[in-house]
Amino acid sequence: MRTILIAFTFAFAGLPACGREQASSTKGAPKIAFITNCVAEFWTIANFGVEAAKGPAGVEVSVHMPPNGTAEEQTRILEDALGRGAVGIAVSPKDPENMTELLDRIADKAILITHDSDAPKSKRLCYVGVDNYEAGRMCGQLVKEALQNGGAIVVVVGTLDQDNARRRRQGLIDELLDRSMDSTRFDPQDAVLKGSKYEIRASYTDQFDRQKCKAIAQDALGKWSDIACLVGLFEYEPPLLLESVRSAAKLGTVKVVAFDENSETLQGIVDGHVHGTVVQNPYEYGRASVELLGKLLNEPDAHKRAALLPPGGFLNVPARKITKDNVAAFWQDLKQKTGKK
Amino acid sequence: MTSRAQDGAPPVLEVVAIGKRFDGVQALRSVSLQLHAGEVVALIGENGAGKSTLMKVLAGVHQPDEGSLRLLGREVRFADPKAALAAGIALIHQELNLCDNLTVAGALFLGRELRRGPFLRKRAMDRQAVAALARTGLEVSPHRLVSSLAPGQQQLLEIARALHGRARVLIMDEPTSCLTDTETQRLYAVVRELKAQGTAIVWITHRMAEVLELADRVVALRDGEHTGEIAGADATHERMVAMMVGRQLRSQLRPAHPPGEVALVVRGLCTRAFPRASVDFELRCGEVVGIAGLLGSGRSELLRALFGVDRAVAGQITCCGVQLGGHDPADAVRAGLVLVPEDRKLQGLVLGMSVRENLSLATLRARGTFVDGAYERDLCVRAIADLAIATPHGEQRVAVLSGGNQQKVVLGKWLAAEPRVLLLDEPTRGVDVAARAEIYARLHELAGRGVAVLFVSSELPEVLALADRCLVMHQGRVEGELPRQRMSEAAILTLATGKGVA
Amino acid sequence: MKKLLGITGLLLAVFVVTTLLAQQADGSNSFLTAYNLQNLLQRVGMFGILSIAAAFVIVTGGIDLSIGAVVCTAGCMLPWLLKDCALPPWLALPLVLLLCAGIGLWHGILIVGLRLQPFVVTLCGLLLYRGLMRWFTNDQTMGLGSDVEGLRWLANGRIPITASFGFPVSALILLVVAVLAAVFFQRTVWGRHLFALGRNEEAARFSGVATGRLTILAYVVCSLLAGLAGCLFVLYVNSAGASSFGNFYELYAIAGAVLGGVALRGGEGTILGVVLGSSLMQVLAMAIVIVGSGNQLEFAIVGAVILLGAAADEGVRRLLRRRR
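Because the structure is predicted, anything quoted here is derived from the model rather than measured.

About the criteria used
- Residues numbered from 1 in each chain as written.
- Chains lettered and ligands numbered in written order.
- Predicted model: local features only at pLDDT ≥ 70, side-chain atom pairs only at ≥ 80, totals over all residues.
- Heavy atoms only, no water.
- Contact = heavy atoms within 4.5 Å.
- Pairing = 2+ DSSP bridges.
- Helix = DSSP H or I, 4+ residues; strand = E, 2+ residues; numbered from the N terminus.
- Axes fitted to C-alpha atoms, helices over the stretch in contact; angles between N-to-C directions.
- Salt bridge = Lys/Arg side-chain N within 4 Å of Asp/Glu carboxyl O.
- Polar contact = N/O pair within 3.5 Å; in protein donor to acceptor, adjacent residues only side chain to side chain.
- Nonpolar A, V, L, I, M, F, W, Y, C, P; charged D, E, K, R; others polar.
- Buried < 20%, exposed > 50% of the residue type's maximum accessible area, 1.4 Å probe, protein only.
- pLDDT = per-residue confidence, 0-100.
- Domains from an automatic or database assignment.
- Buried area = accessible area lost by both parts, 1.4 Å probe.
- Parallel < 35°, antiparallel > 145°, perpendicular 65-115°, else oblique.
- Left-handed = near helix turned anticlockwise from the far one by under 90°.
- Core = buried A, V, L, I, M, F, W, Y, C linked by side-chain atoms within 4.5 Å.
- Phe/Tyr/Trp six-rings, centres within 6.5 Å; stacked < 30°, edge-to-face > 60°.
- Right-handed = clockwise from strand over helix to strand, strands pointing away.

Focus: the arrangement of the chains
Next up, step 1: Most contacts, among the two pairs of chains that meet, fall between chains A and C.
Next up, step 2: Nothing in chain A touches chain B; the tightest C-alpha to C-alpha distance between them is still 18 Å.

What follows is the structure in C-alpha cells.
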C-alpha cells in the first residue's frame, strides 16, 4: 500500500512539468481583461488573436474563462478584474438583460467593450462581433442548400439563456420559415414550427453535457424516422450529432449542419458528412478587441475617443459559410493562425 | 412500610387483561394490574418478560391489541405518549432521553414551553424550573447544560420533568442502572416523598435490594404473563426468583480449579487515560480473575488496551508466548485473546444484522476469502443450542432479542474463536437473572477447560461469587490484589477508594 | 428481493407509460424499438458503473462527492496519454485507472488516517481535481481524434445479436463489473465486513475487523470504477472539456444507488438494485425526449419520479411489514 502511495505522490508531482503555462505580461503596460462566457476551443482561438494583438497595442492582457459558464462567475470575474487594476475590459456577457447595471458600473471605472455577444442597453462603448441573428440566418441558408426539397430538422443548443444562442436559433428559424428580418422575435423552446417546406420539429438544450448531447440526438433520431437534418448551434455539438447519425446508420440520409470550426466538424465537411458550418471569427474577436482597447486607452481625452469608435458602436466581424468548396483554404488559414502545424 | 391505599378506594390506574403482539410474537398475554395512589409497585421479570412492553402500553407508546386501561375508573385509550402524559402518566426510560444540548430549564419545558406568541418566556420558565427541581431535591442552576449533569442528576431531572407535567402515575424503567450509591439513596428519598404526596409509582428493576427497600407490592412477569404478586413485606429473594424464573437456579459457586501455566503477562502497561500509571499482572490458564474498582478507575481502558482497540502508551503484553504491542484487535484474536465489550449495543453487536451474521463476524476471515456458508450455519446452530439463545431462528435480527440473549450472542461470537484468554467488561449488565446464571456457568466451564478469564464488574456480589482472585484498581493502577480467602466487599472498597496498604 | 419490488415496479411503470404516450403522440413510432433499447443499454452501462462506484462508499456509511471530478480526470487524462504522449491504449488505460485508484487511496487515507469527514474530503476533491484538470489541460478540449477507433469500441461497440439489435459493449462491461461487485458484496468475507462496518463500525472494530483498511478499499474501488466510467464516457463522446466533463455525475451516481435501495446510513443495499436504480434514471431521460418536444422539464420529472420511487419503496416496505 505504501508503494502505491509513493507512486501516486510522484504522479501528482509530475503534473506541473507536463502542463502548459498560460502567461502574458508586458511590465508597466496598461492592463486589459479579456473575458469569455465559458471554456471552449473557440475561445482558445480568440486567445491567439489576443496574443497577436497585445504586443502592437502595447498592453498587458489577462484572459478569463468562466469554468461553469454561469453569469455569477462572470460577475465575480468582472469585479475581480477591476480590483486588479484593469483599465480596459472586453467581455462576452452571459446574461446581458440582468447584467446591465453591473456593466454600467464597470463602464464608469474602466473602458468597457463587448465582444461575441452584445449588451446593447449598457454603457459599453462598442460591440465587436458578429450579428448572431444574421449568422443564424446563414445557418438556415446552409440547411436550405442541404435539403433542397425541404424536410424536418432538430436543433440542439447548449442553453437558451444566452443572447447569442437565442438570436442564432431565431435567425435559423426565421430563414427556414421565410420570415422577415426581425431579430426581436422569439419562439419558445418547445414550439413545433412548420413552414411551407421546412419544419423545426424540436429544440433541445444539453447544458454543455456532451454525453447528453449525443444521447438526445440518438433519441430524437429514434423517435422520428423522417428527420432530414440535425443542426448543432454550439461548437462542441456538431461532432456529437455526426456520431449519433453514424451510430444510427443514417450517414448520408440525415444531414448535419454546424456552427463554429471544431476540427472534427471541418473534417466532417471534408469527408462530406457535414454539409457546412457557419464560422465566426474568434481570432478576429480577440485581435480586434485588444487592438481597439489599446487605441482607446492611448487617447486620454474622452471626446476624441468617440471619434475612434466604429460607426454605431458596432465593429462587424462578419460570419462566413464554410462548405466543401472553401473548407480546405479556411482550415489551412486557421491552422496558421493558431500555430498548429 | 404500609400501603396508603385503602381497601375500597378505586385504583388510579387499572390494567385489564391486556394483550400485545409484535411480528407474530406474543409480548403480553392477558396481563392485569392495579395501581393505587401513594403506592410503589415493583415490577420484576427477566429481560424479554414483557415489562418494558407493558410500561410502553401504559405510557401510550404502544396501543394494546386486547384488553383495556381504566384511569380512575374510566376507560381510556392513549393514541400517543402525549395523550398519556396529558392524562398524568409519565414514563422515564431506561436510557435517559433528554436532549443533552439543552439547558436544564429547556429540557424541563421541552414540548410545553411557556411563550408569548412566538417568543419564549425564558425568565418565567427559569423561575418555575427552580421550583420544580426543588421538589426532586435537585439543586442545579436552570442555565446549566444537561450534558454537564451527572447521570443521577439527569435521572432526577427526568423525574422533575414528569412531575412538572402533573404526573399521577410515574413509571421508572431500571432507574438506578447507571447511578452511584449516593445517587441511588437520593432517588429513594425522592420516591418516598412522592409516595407520601400520593403519586403512584411503578418501579421496574433487576436488583432485589431495591425491591426490598421500596416496594409495597411486587408483581412478576414471565413470558408476557402475570406470574405472581406478593406484598413487599413478604418479599424474599428466593420467592421473587421463583416467581420470575419458575425454577430453582443452579448454585453460582464454582468448584476451585488449580491454576495452570501463565497465559497472559502484562508489564508496565500504560493506557491513554492514565499515561503515568502502569499496570503489571499475570493471568494463568484456568483462572477466573475479577477487576474491581470505582467508575473511572481505568478498568475498561485496561481491557481495551489489552485487546488493542486503544493503543497503549507503553508496556509489554505477552499472550500465550506471543508478544503483543501496538497491535489491533485482529492480532489479539490471532494470539487467542478476545474481549466481550462493555456496551453490547454499540460495541458488541451489529444490531441491524442477523444472529447468524453476528456470531460469525469475528471468525469468518480466518476461513478464507469467500463466506463459508456451511461453517456459518453450523456455528449458528451450535451456538444457539450451547448457550440456549432464545431466538426463533438464526436469521432473526439481533436487535429484537432481549439483553441477556444479545449478550449470549456476543459471547458465542468469541467462543467460536476458541480463545485462550477471555476478557469481559461488565458481562452481566442489563442481563436478567436466568441468563446471568447461564453466563456464569459457561465461564466456570471455560475456566475448567483451561481458558484464562479476566472480567471487570461494578457489582461486588458478582466479583465475590465468580472470581478466584481479584485485582482492585484505583486511578489507573492496580491498588491491590485479593485472593479468594480475603475477598470481601469491605476489603475491595477499601482498596478501590485508594486506601490500600502499599 | 422483496426490497426491489418498488424500484422494479416503477421501472416497468415508466416503460409502460412511455410506450403508451409515444404511440399516442405519433402513431408511427414506438418506444420499445431495438434501436432505442441498444442506446439505452449503452448509457446504462456507463452510468451503472458510476452508481456501483457510489454504492461501495455509501455502504460503508460514507459518501463520495468527487465522482464527477474523477470522471473528468479520467476523461481528460486518457486523450492526453493517447494523443499528446502517444502511449498505446494497453498502457494508457491502465495508467488512467491507476491514477484514479490513487485518488481513491488518497481519500481513504484522509478519511481513515486523519479522521476527516468523507463529505468534506470528497467535496474538496470535487473542486480540486476539476480545478487541476482545467489548469493541466489549459482549458483546451481534449479530443481523441479519429485514430483510436479500436479503443472506442469499448464504449460504442455492439455485439450483433440479430440484424437490428446488437448488445452494447459498455453494457457488457457493466455486467462484468456488477457480477464481480455482487460476488464481493454477498459472497466474500470482505463484503460481509463492509456491511458490518457500515451498520456499526465500532462493533466491527471490536470484532477484529480491519475497518480502516476496508474503508480505504471502498474508496479505492469507488474512484477506480468512476475512472473506468470516465474512460468510457470520453470514448463515447470522443472529447472532453475539463470545465464541464462529468459535471453533476456524482449526483446521478448517488441518486441511482439510493433509488436502488442503498441506504445512506450505510450497511444496506444490493448491486442488482443499484443497476435497476441507475437504469431508471436513464430510461427517464430517454422517455422525456421520446414523449415530449423539448427537454426543459427533464430535471423536474427526474426529481418527481425519484421522490415517487422513494415513497413507493417505503409504501411496499410497510405493506410487507403489516402482512407479517
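Back to the write-up after that little detour.
What about the sheet that holds strand β21 (residues 469–474) of chain B?
Residue and element names in this part refer to chain B.
Next up, step 1: Taken in spatial order, the six strands make up an open sheet running β18-β19-β20-β15-β21-β22, and their pairing is mixed. With one partner strand each, in any of the chains shown, β18 (337–340) and β22 (477–483) form the two edges of the open sheet. Neighbour-to-neighbour, the strand axes of the sheet open up by a mean angle of 20 degrees, direction not taken into account.
Next up, step 2: As paired elements, strand β15 (residues 288–293) and β21 share five bridges and run parallel to each other. Its bridge partner lying in β21, V289 is registered against R469.
Next up, step 3: Of the strands in this sheet, β15, β18, β19 (421–425), β20 (452–456) and β21 are in contact with helix α9 (residues 299–307), which crosses β19 at around 145 degrees.
Next up, step 4: Each of β18 and β19 touches helix α14 (residues 403–415); the most contacted strand, β18, lies at about 175 degrees to it.

Quick look at the interface of chain A and chain C
Next up, step 1: Each side of the interface is counted separately: chain A has 47 residues, and chain C has 53 residues.
Next up, step 2: Applying the counting criterion to the chain A and chain C interface returns three salt bridges.
Next up, step 3: With its nearest N and O atoms 2.4 Å apart, the salt bridge here joins A:E243 to C:R152.
Next up, step 4: For the pair chain A and chain C, the number of links is 15 residue pairs in polar contact (both at pLDDT 80 or more).
Next up, step 5: Counting only elements with at least two residues in the side of chain A that touches chain C, the list comes to α1 (2–18), α2 (41–57), β8 (198–205), α7 (210–223) and α8 (237–247) of chain A.
Next up, step 6: Split by residue class, the side of chain A that touches chain C holds 22 nonpolar, twelve polar and 13 charged.

Brief notes about the pattern of salt bridges
Residues and elements named next belong to chain A.
Next up, step 1: Scanning all chains against the criterion turns up 49 salt bridges over all chains.
Next up, step 2: Where R287 meets E284, a salt bridge forms, and the shortest distance between an N and an O atom there is 2.8 Å. With a gap of three residues between them, R287 and E284 both fall in helix α10 (residues 282–298), about one helical turn apart.
Next up, step 3: Since its relative accessible area comes to 23%, R287 is described here as partly exposed.

Looking at the sheet that holds strand β12 (residues 225–231) of chain B
All names here are of chain B.
Next up, step 1: With mixed pairing, the six strands of this open sheet are ordered in space as β6-β9-β10-β3-β11-β12. Each edge of the open sheet carries a strand with a single partner, namely β6 (89–92) and β12. With strand direction ignored, the average angle separating the axes of adjacent strands in the sheet is 20 degrees.
Next up, step 2: Sheet topology places strand β3 (residues 40–44) next to strand β11 (residues 217–222); four bridges connect them, and they run parallel. The residue bridging I44 from the neighbouring strand is A220, located in β11.
Next up, step 3: On the sheet, helix α1 (residues 51–58) packs against β3, β6, β9 (169–173), β10 (200–204) and β11 and is oriented at approximately 135 degrees with respect to β3.
Next up, step 4: The sheet contacts of helix α6 (residues 181–196) involve β3, β9 and β10, and relative to β10 the element is tilted by about 150 degrees.

Describing the confidence of the model for chain A
Next up, step 1: Of the residues in chain A, 91% have a pLDDT of 70 or more, and the chain-wide mean is 86.
Next up, step 2: Taken together, the stretch residues 1–26 of chain A has pLDDT below 50 and engages in 33 contacts with residues farther than four places along the chain or on a different chain.

Considering the domain arrangement of chain A
All names here are of chain A.
Next up, step 1: For chain A, the domain assignment lists domain 1 (22–130 + 282–319) and domain 2 (132–279).
Next up, step 2: Between the C-alpha centres of domain 1 and domain 2 the distance comes to 29 Å.
Next up, step 3: Every contact between the two is made by 14 residues of domain 1 and, on the other side, 13 residues of domain 2.
Next up, step 4: Note on domain 1 versus domain 2: buried area summed over both sides is about 1,100 Å², and carbon and sulfur give 47% of it.

Brief notes about the environment of A:I200
Residue and element names in this part refer to chain A.
Next up, step 1: Here I200 is to be found in strand β8.
Next up, step 2: Residue I200 is classed as buried on the basis of its relative accessible area of 0%.
Next up, step 3: Note: C-alpha distance between I200 and G151 (49 residues apart in sequence) is 8.8 Å.
Next up, step 4: Ignoring anything within four residues of it in the chain, the contact list for I200 reads I153, V155, I173, L176, L177, A191, V192 and L193.

Brief notes about the packing of helix α9 (residues 263–271) of chain A against helix α12 (residues 327–338) of chain A
Residue and element names in this part refer to chain A.
Next up, step 1: The contact between α9 and α12 brings their axes to 10 Å, and the two run at 155 degrees. Considering the angle they form, α9 stands roughly antiparallel to α12. Every pair of crossing elements has a handedness; the one defined by α9 and α12 is left-handed. Contact residues: S263, L266, Q267, I269 and V270 in α9; V327, F330, W331 and L334 in α12.
Next up, step 2: Looking at the contact of α9 with α12 residue by residue, the classes come out as seven nonpolar, two polar and no charged.

Here's the deal with the interface of chain B and chain C
Next up, step 1: Residue-level contacts link 31 residues of chain B with 20 residues of chain C.
Next up, step 2: Of the roughly 2,200 Å² buried where chain B meets chain C, counting both sides, 61% is carbon and sulfur surface.
Next up, step 3: Residue B:E376 pairs with C:R192 through a salt bridge whose shortest N-O separation is 2.4 Å.
Next up, step 4: Here chain B and chain C share twelve residue pairs in polar contact (both at pLDDT 80 or more) between them.
Next up, step 5: Elements with a contribution of two residues or more to the side of chain B that touches chain C: α9, α10 (329–335), α11 (344–348), α12 (355–360) and α14 of chain B.
Next up, step 6: The dominant element in the side of chain B that touches chain C, judged by the number of residues it contributes, is α11(B), at four residues.
Next up, step 7: Its residues placed into classes, the side of chain B that touches chain C shows 16 nonpolar, six polar and nine charged.

Topic: the domain arrangement of chain B
All names here are of chain B.
Next up, step 1: By the assigned domains, chain B splits into domain 1 (13–245) and domain 2 (259–336 + 419–502).
Next up, step 2: Between domain 1 and domain 2, the C-alpha centre-to-centre distance is 36 Å.
Next up, step 3: Counting each side, the surface lost to burial between domain 1 and domain 2 is near 550 Å², with a carbon and sulfur contribution of 61%.
Next up, step 4: Across the domain 1-domain 2 interface, the total number found is zero salt bridges.
Next up, step 5: Viewed at the interface, domain 2 and domain 1 are joined by zero residue pairs in polar contact (both at pLDDT 80 or more).
Next up, step 6: Class assignment for the residues of the side of domain 1 that touches domain 2 results in two nonpolar, two polar and one charged.

Quick notes on the nonpolar core
Next up, step 1: Formed by 202 residues in total, the largest nonpolar core has its most connected members in A:I153, C:L50 and C:I52.
Next up, step 2: For this core, the element with the highest residue contribution is helix α10 (residues 211–237) of chain C, accounting for 16 residues.
Next up, step 3: A domain split of this core shows at least three residues from each of domain 1 (22–130 + 282–319) and domain 2 (132–279) of chain A.
Next up, step 4: Within the second largest apolar cluster, 81 residues are counted, among which are B:A292, B:L364, B:L401 and B:L423.

Here's the deal with the packing of aromatic side chains
Next up, step 1: Within the structure shown, the criterion is met by 18 aromatic pairs over all chains.
Next up, step 2: Arranged with centres 6.2 Å apart and planes meeting at 45 degrees, the rings of A:F208 and A:Y236 form a pair that is tilted. With A:F208 in the loop between β8 and α7 and A:Y236 in the loop between β9 (227–232) and α8, this residue pair connects regions lying 28 residues apart in the sequence. Neither A:F208 nor A:Y236 differs from the other in exposure class; each is buried.
Next up, step 3: Taken together, a centroid distance of 5.0 Å and an interplanar angle of 55 degrees make the contact between C:F233 and C:Y249 tilted. Of this pair, C:F233 sits in helix α10 while C:Y249 sits in helix α11 (residues 249–259), and the two are 16 residues apart along the sequence.

Looking at the side chain of C:Q42
Next up, step 1: Within the secondary structure, C:Q42 is located in helix α2 (residues 34–59).
Next up, step 2: Only 3.2 Å separates the side chain of C:Q42 from the side chain of C:N156, close enough to count as a polar contact.

Observations concerning the environment of B:L359
Next up, step 1: With respect to the helices, strands and loops of the structure, B:L359 is situated in helix α12.
Next up, step 2: In contact with B:L359, not counting residues within four places along its chain, are B:L379, B:C380, B:A383, B:V409, B:G412 and B:K413.

Side note on unusual backbone geometry
Note: most peptide bonds trans; most residues except glycine with negative phi.
Residues and elements named next belong to chain A.
Next up, step 1: A positive phi angle, close to 70 degrees, is found at D116, a residue other than glycine.
Next up, step 2: D116 sits in the buried class, given a relative accessible area of 2%.
Next up, step 3: Notably, F208 is not glycine yet its phi reads approximately 65 degrees, a positive angle.

Looking at the pairing of strand β4 (residues 111–115) of chain A
All names here are of chain A.
Next up, step 1: With respect to burial, β4 is a largely interior element, five of its five residues being buried.
Next up, step 2: The two faces of β4 match: I111, I113 and H115 on one face and L112 and T114 on the other face are all buried.
Next up, step 3: Both strand β3 (residues 88–91) and β4 contribute to a ladder of four bridges, which runs parallel. Looking at β4, one finds that G88 is bridged to I111.
Next up, step 4: Read from β3 through helix α4 (residues 96–109) to β4, the crossover connection turns out right-handed.
Next up, step 5: Bridge analysis of β4 against strand β5 (residues 126–129) gives three bridges, and the strand direction is parallel. Residue pairing in the sheet places H115 in a bridge with V128 of β5.

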